[in-house]
Amino acid sequence: MSKENLRESRKRELKEEIYLQALRLFKERGFENVTVDEITSACGVAKGTFYNYFPRKEAILLHLGQGQIALLRESIRRRAGVKEIKARLQLIFKDLLTRIDTDPELMKATILEILRSSLLVAEEIQLISEFEGLLIPLFAEAIAAGQVSPRFSAAQLASFLVGVYYYALFSWLANPARGEPAALLAAHLEIIWDGIAAEGSKNRG
């Protein structure tokens, strides 16, 4: 690994550490009761270092969604060689959900704090819109290849799948005993595939 790549890797690791330490404090004491000074103390970093990564305390809560967008872009790139759209989507969403299924309580704390703030909700909605936008080309490709029914637009399919993704995520957060979110999403994808797949591709899936 080059020095530049090593620096970038360390920066990502430090940002993730600040994020996780902050979430643990938010979970224990509530978002409003935790200061930036307390976060930096828990992480062992200077206040200036914190602001290099997060312009304000609220930005910590958006890090999960922003990280998922970056991971989605990378996964779409890595999975481009998988020709069957159903298999590709399963791999992409498995990649996304791997990052968030390690500590459901921390993820739940993040989402609850976002929902308490109208400003953060608005910013999260923008991330969801970006999420949908990244999936649209996949569905456009699948429609052109005859894998998905042309009865639906690529935008409609992307929006629908993102809704199913969040349903699986929230179901898991509400009751982790139901199983891993990737398994929940895969089960729902099996159900909806019969409705969106082109006739000739159903048996192949």
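Rules behind the numbers
Residues numbered from 1 in each chain as written. Predicted model: local features only at pLDDT ≥ 70, side-chain atom pairs only at ≥ 80, totals over all residues. Heavy atoms only, no water. Helix = DSSP H or I, 4+ residues; strand = E, 2+ residues; numbered from the N terminus. Buried < 20%, exposed > 50% of the residue type's maximum accessible area, 1.4 Å probe, protein only. Contact = heavy atoms within 4.5 Å. Phe/Tyr/Trp six-rings, centres within 6.5 Å; stacked < 30°, edge-to-face > 60°. Lys NZ or Arg CZ within 6 Å of the ring centre and 35° of its normal. Core = buried A, V, L, I, M, F, W, Y, C linked by side-chain atoms within 4.5 Å. Polar contact = N/O pair within 3.5 Å; in protein donor to acceptor, adjacent residues only side chain to side chain. Salt bridge = Lys/Arg side-chain N within 4 Å of Asp/Glu carboxyl O.

1. A few points about the overall build of the protein chain
On a plain count of helices and strands, the protein chain comes out with 10 helices and 0 strands. Each helix and strand of the protein chain, placed in order from N terminus to C terminus, yields the pattern α-α-α-α-α-α-α-α-α-α. The principal-axis extent of the C-alpha atoms belonging to the protein chain is close to 60 × 40 × 30 Å. Going through the 205 residues of the protein chain one by one, you find that 41% of them count as buried. Of the contacts formed within the protein chain by residues at least 6 apart in sequence, a portion of 66% connects residues at least 24 apart.

2. Quick word on the packing of aromatic side chains
For the coordinates displayed, the defined rule picks out 8 aromatic pairs. Judged by centre distance (4.8 Å) and plane angle (65 degrees), the rings of Phe26 and Phe31 are edge-to-face. Given a relative accessible area of 4%, Phe26 falls into the buried group. For the pair Phe131 and Tyr165, a centre-to-centre distance of 5.2 Å together with 75 degrees between the ring planes defines the contact as edge-to-face. Taken together, the residues Phe131 in helix H7 (residues 118-144) and Tyr165 in helix H8 (residues 154-174) connect sequence positions 34 residues apart. Classification of Phe131 as buried rests on a relative accessible area of 5%. Taken together, Phe93, Phe131, Tyr165 and Tyr166 form an aromatic cluster joined through their ring pairs. One cation-aromatic arrangement involves Lys15 over Phe54; the distance from NZ or CZ to the ring centre is 5.4 Å.

3. Quick look at the environment of Pro150
On the secondary structure map, Pro150 appears in the loop between H7 and H8. Take Pro150: its relative accessible area is 67%, and that puts it in the exposed class.

4. Regarding the nonpolar core
Phe26, Ile39, Phe93 and Phe131 are the most contacted members of the largest nonpolar core, which has 61 residues in total. A total of 11 residues in this core trace back to one element, the largest contributor, which is H8. Apart from residues lying up to four places away in sequence, Phe93 is in contact with Phe131, Leu135, Leu161, Tyr165 and Leu185.

5. Examining the environment of Leu97
Relative to the helices and strands, Leu97 resides in helix H5 (residues 85-98). Assessed through its relative accessible area of 2%, Leu97 is described here as buried. Spatially, the C-alpha atoms of Leu97 and Ala187 are 14 Å apart, while their sequence positions differ by 90 residues.

6. A short note on the side chain of Gln147
With respect to the element layout, Gln147 can be found in the loop between H7 and H8. A polar contact is formed between the side chain of Gln147 and the backbone oxygen of Lys83, at a distance of 2.9 Å.

7. Some remarks on the pattern of salt bridges
On inspection of all chains with the given rule, the structure shows 13 salt bridges. One salt bridge in this structure joins Glu74 and Arg78, with 3.7 Å as the shortest N-O distance. Residue Glu74 and its partner Arg78 are located together in helix H4 (residues 59-78), separated by 4 residues, close to a single helical turn. Residue Arg116 is joined to Glu113 by a salt bridge in which the shortest nitrogen-to-oxygen separation is 3.1 Å. A residue is classified by how much of its surface remains accessible, and Arg116, at 60% relative accessible area, is exposed. For Glu113, a relative accessible area of 12% gives the class buried. One connected set of salt bridges, linked through shared partners, spans Glu74, Arg77, Arg78, Arg79 and Asp95.

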